[in-house]
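Chain by chain, the residues run as shown.
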Amino acid sequence: MTDADPSTILQGLRGSIDNIDAALIFLLAERFRCTKQVGVLKAKHGMPASDPAREEQQIARLMRLAEDADLDPAFAEKWFNFVVAEVIRHHRTAAAQPHD
Ligand SMILES: C=C(O[C@@H]1C=C(C(=O)O)C=C[C@H]1O)C(=O)O
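For clarity, every value in this text was computed on a predicted model and none was experimentally measured.

**Details of the overall build of the protein chain**
Scanning the protein chain from N- to C-terminus turns up three helices and zero strands. N-terminal to C-terminal, the α/β element order of the protein chain is α-α-α. Since a compact globule built from 100 residues should have a radius of gyration of about 13 Å, the 19 Å found for the protein chain marks it as more spread out than a globular shape. Within the span of the protein chain, comprising 100 residues, buried residues form 19% of the whole. Considering only residue pairs separated by 6 or more positions, the protein chain has 64% of its internal contacts joining residues 24 or more positions apart.

Next up, the structure:
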């Protein structure tokens, strides 16, 4: 990445960024597919939408992984909390639906 034309380098990097963003969207979609099933299961069995003890374990694990990956652990925690807030919203919606 030395003598090449900067706009060519930028184009190459943006291609990788676009691929990574696409992978993240697919991964998030798969994660929500699973959590929505968890929401239905919880609703059917009268289980609480959130599980703070489980979340604590997940945050501790993700922060360790982030450190190993040279990613800001505080960012990893913020990302997780952002995603879980949406999951809990889905769980509450599922709990409010009629279920058998
Ligand atoms: C998916 C669950 O429900 C909630 C959402 C979680 C998540 O998105 O990882 C974790 C714990 C719960 O607060 C679960 O209990 O496993």
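Having seen the model, we can carry on.
**A closer look at the nonpolar core**
Membership of the largest hydrophobic core is limited to five residues, which are Ala49, Ile59, Phe80, Val84 and Ile88. Tallying contributions element by element places helix H3 (residues 73-96) first for this core, with three residues.

**Focus: the environment of valine 40**
With respect to the element layout, valine 40 can be found in helix H1 (residues 6-44). For valine 40 and histidine 99, which are 59 residues apart along the polypeptide, the C-alpha to C-alpha distance reads 8.3 Å.

**Considering the packing of helix H2 (residues 52-68) against H3**
Taken N-terminus to C-terminus, the directions of H2 and H3 make an angle of 145°; their axes are 8 Å apart at the nearest point. Crossing of H2 against H3: the hand is right-handed. Contacts between H2 and H3 pair Glu55, Gln58, Ile59, Leu62, Met63, Ala66 and Glu67 from the former with Pro73, Ala74, Ala76, Glu77, Trp79, Phe80, Asn81, Val84 and Ile88 from the latter. Of the residues in the contact of H2 with H3, the class split is 11 nonpolar, two polar and three charged.

**Comments concerning the pattern of salt bridges**
In this structure the tally under the stated criterion is two salt bridges. Note that glutamate 30 is salt-bridged to arginine 33, the shortest N-O span being 2.9 Å. Separated by three residues within a single helix, glutamate 30 and arginine 33 lie in helix H1, roughly one turn from each other. The exposure class of glutamate 30 is partly exposed, given its relative accessible area of 43%. The partly exposed category is assigned to arginine 33, whose relative accessible area is 49%. Its salt-bridge partner being arginine 89, residue glutamate 86 comes within 2.7 Å of it at the nearest N-O pair. Taken together, the positions of glutamate 86 and arginine 89, both in helix H3 and three residues apart, correspond to about one turn of that helix.

**Observations regarding the environment of alanine 66**
Take alanine 66: it is sitting in helix H2. For alanine 66 and alanine 76, which are 10 residues apart along the polypeptide, the C-alpha to C-alpha distance reads 6.5 Å.

Basis of the calculations
Residues numbered from 1 in each chain as written. Predicted model: local features only at pLDDT ≥ 70, side-chain atom pairs only at ≥ 80, totals over all residues. Heavy atoms only, no water. Helix = DSSP H or I, 4+ residues; strand = E, 2+ residues; numbered from the N terminus. Rg over C-alpha atoms; globule rule 2.2 N^0.38 Å. Buried < 20%, exposed > 50% of the residue type's maximum accessible area, 1.4 Å probe, protein only. Contact = heavy atoms within 4.5 Å. Core = buried A, V, L, I, M, F, W, Y, C linked by side-chain atoms within 4.5 Å. Axes fitted to C-alpha atoms, helices over the stretch in contact; angles between N-to-C directions. Left-handed = near helix turned anticlockwise from the far one by under 90°. Nonpolar A, V, L, I, M, F, W, Y, C, P; charged D, E, K, R; others polar. Salt bridge = Lys/Arg side-chain N within 4 Å of Asp/Glu carboxyl O.

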